[in-house]
Amino acid sequence: MSFTRFALRRLAEMTATLLCASFVVFGAMYLAPGSPASFLLSGRSASPEALAAINAQYHLNDPFLVRYLRWLGGMAHGDFGRSITYRTDVSRLLADRLPTTLLLVAMALVVVAVVGLALGRLAAVRGGATDSAVLVTTTFAVGTPSFVAAVLLQGLFAVKLGWFPSGGAGDGFLDKLRHLTLPAIALALYLIGLLARVTRSAMLEALDGEHVTVARSRGVPERQVIRRHVFRNSLGTVLTTGGLIVSTLLVCTVLVESAFSIGGIGQLLELSTTTKDFPTVQAVALIIVALFMIVNLAVDLLMPLVDPRITLGSRRSAA
């Protein structure tokens, strides 16, 4: 199968999956108790005329399928509706908050990639006491949830030592980097342990390969053997895990952003869910689903480039 044909097929599959996800996202909010009207009234009694005006404004009396198609058409044209809680366009809320979340995810991803790959490689190459130390460290990292890491980091580095702010997103690029350092580490801690373990296992498996034995018998320097024949052959497994890591980062931002009061789309999703802000919840949830699918598509397209043994449409190595 050609690369272009495979990419088009995956795009078609992603579009169909996104349509199914949009239906689930739109319908799920209406299964929960309560309604936007009850939130807008805040427990106050309202006349039938006022209630009818609210239902008309948000099209709550229309059939479900009509509401879904109207919402889907608006989404296709960049109209995400109007927030019930913030009384403004959802697109404006997303434009203000999405860059902060993407920067946080990017920072956490860099931390995961640098530290996780380094620890995994170090454990596989050195072995012995170093390997044991890395395993203990990664066990601690994997066993620490993001919200627990957030509380610990805030208490030590923000409150006690005062090295970093305890919350907020900051103003300006450099100030944002400083404010998002602790949240990025809290978000990355669990995934550092995961990537380190995957990298270690993949490299240990590659070290037992015949090509490594042949390269060593020919007198190839050990550093070159590790770089070209071991680490490079492990990248397929690492890249597959990378897709899972990015997806996990997108989901876990809800907890970390709330803990640090960052004000990204993760915190927006949490607040909007509690207030039954239907348009905002639906828009944010669908964006997260879309980003998740884009990441998986990118992994599928990059796999054959990273590891020639893997064919298009398959993430398994050839025998």
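Located above this text is the structure these notes cover.
Throughout this document, residue positions are counted from 1 along each chain, in the order its sequence is written. Only residues with pLDDT of 70 or above have their local features reported here, since the model is predicted, and side-chain atom pairs are shown and tallied only from 80 upward, although totals for entire chains, interfaces and linings are computed over all residues. Computation of side-chain values: all heavy atoms of the structure, hydrogens and water removed.

This part is about helix H11 (residues 265–274). Inspection of H11 places Ile265, Gly266, Gln267, Leu268, Leu269 and Ser272 among the buried residues, and these make up the whole buried set. Trailing H11 by a residue or two, lysine 276 shows a phi angle of about 60°, which is positive. Exposure is judged per residue with a 1.4 Å probe applied to protein chains only, and the accessible area is read against the type maximum: over 50% gives exposed, under 20% gives buried, and values in between give partly exposed. Only runs of H or I of at least four residues qualify as helices and only runs of E of at least two qualify as strands under DSSP, and these elements are numbered from the N terminus.

Any residue with relative accessible area above 30% and no salt bridge may belong to a patch, with like charges joined within 9 Å and the nonpolar Val, Leu, Ile, Met, Phe, Trp and Tyr side chains within 5 Å. Here the open area of atoms and residues is found with the Shrake-Rupley method and a 1.4 Å probe, where only the protein chains shown may cover a residue. A carboxyl oxygen of Asp or Glu within 4 Å of a side-chain nitrogen of Lys or Arg is what we treat as a salt bridge. Together, Phe23, Leu65 and Leu69 line one region of the surface with nonpolar side chains, adding up to about 300 Å² of accessible area. By the secondary structure assignment, phenylalanine 23 is in helix H1 (residues 3–31).

Working rule for helices: expected span equals 1.5 Å times residues minus one. If you check helix H7 (residues 146–160), its first and last C-alpha atoms are 20 Å apart, about what 15 residues at 1.5 Å a residue would give, namely 21 Å. Buried residues of H7: Ser146, Ala149, Ala150, Leu153, Gln154 and Ala158, and no others. By definition in these notes, contact holds between two residues if any of their heavy atoms fall within 4.5 Å. Those residues of H7 hidden inside the fold are in contact with helix H8 (173–207) and helix H10 (222–260). Downstream of H7 by a residue or two, glycine 162 has a phi angle that is positive, lying close to 70°.

Here the focus is the packing of aromatic side chains. Aromatic rings from Phe, Tyr and Trp, taking only the six-membered ring of Trp, are treated as a pair when their centres fall within 6.5 Å; an angle between ring planes under 30 degrees marks them as stacked, one over 60 as edge-to-face, and anything in between as tilted. Applying the stated criterion across every chain yields a total of seven aromatic pairs. Judged by centre distance (5.1 Å) and plane angle (35°), the rings of phenylalanine 26 and tryptophan 71 are tilted. Remark: tryptophan 71 occurs in helix H4 (residues 64–76) and phenylalanine 26 occurs in helix H1; sequence separation between them is 45 residues. Its relative accessible area of 9% is what places tryptophan 71 among the buried residues. Arranged with centres 5.7 Å apart and planes meeting at 45°, the rings of phenylalanine 157 and tryptophan 163 form a pair that is tilted. Tryptophan 163 sits in the exposed class, given a relative accessible area of 51%. Taken together, the ring pairs connect Phe23, Phe26, Phe64, Tyr68 and Trp71 into an aromatic cluster.

Our focus in this paragraph is the nonpolar core. For our purposes a nonpolar core is just a set of buried Ala, Val, Leu, Ile, Met, Phe, Trp, Tyr and Cys residues, chained together by side-chain atoms within 4.5 Å. If you look at the biggest cluster of nonpolar residues, it comprises 28 residues, and the most contacted ones within it are Val112, Leu187, Leu249 and Phe260. Not counting the four nearest positions on each side in its chain, valine 112 is found in contact with Leu117, Ala188, Leu191, Ile192, Leu195 and Ile245. Among the nonpolar cores identified, the runner-up in size contains 18 residues, and Trp71, Met75, Phe80 and Leu268 belong to it.

For the rest of this paragraph, the subject is the pattern of salt bridges. For the structure shown, the criterion picks out four salt bridges. Between arginine 10 and glutamate 13 there is a salt bridge, with its nearest N and O atoms 3.3 Å apart. Taken together, the positions of arginine 10 and glutamate 13, both in helix H1 and three residues apart, correspond to about one turn of that helix. By relative accessible area, arginine 10 is classed as buried at 15%. Arginine 82 is paired through a salt bridge with aspartate 89; the nearest N and O atoms lie 3.7 Å apart. Given the relative accessible area of 40%, arginine 82 is considered partly exposed.

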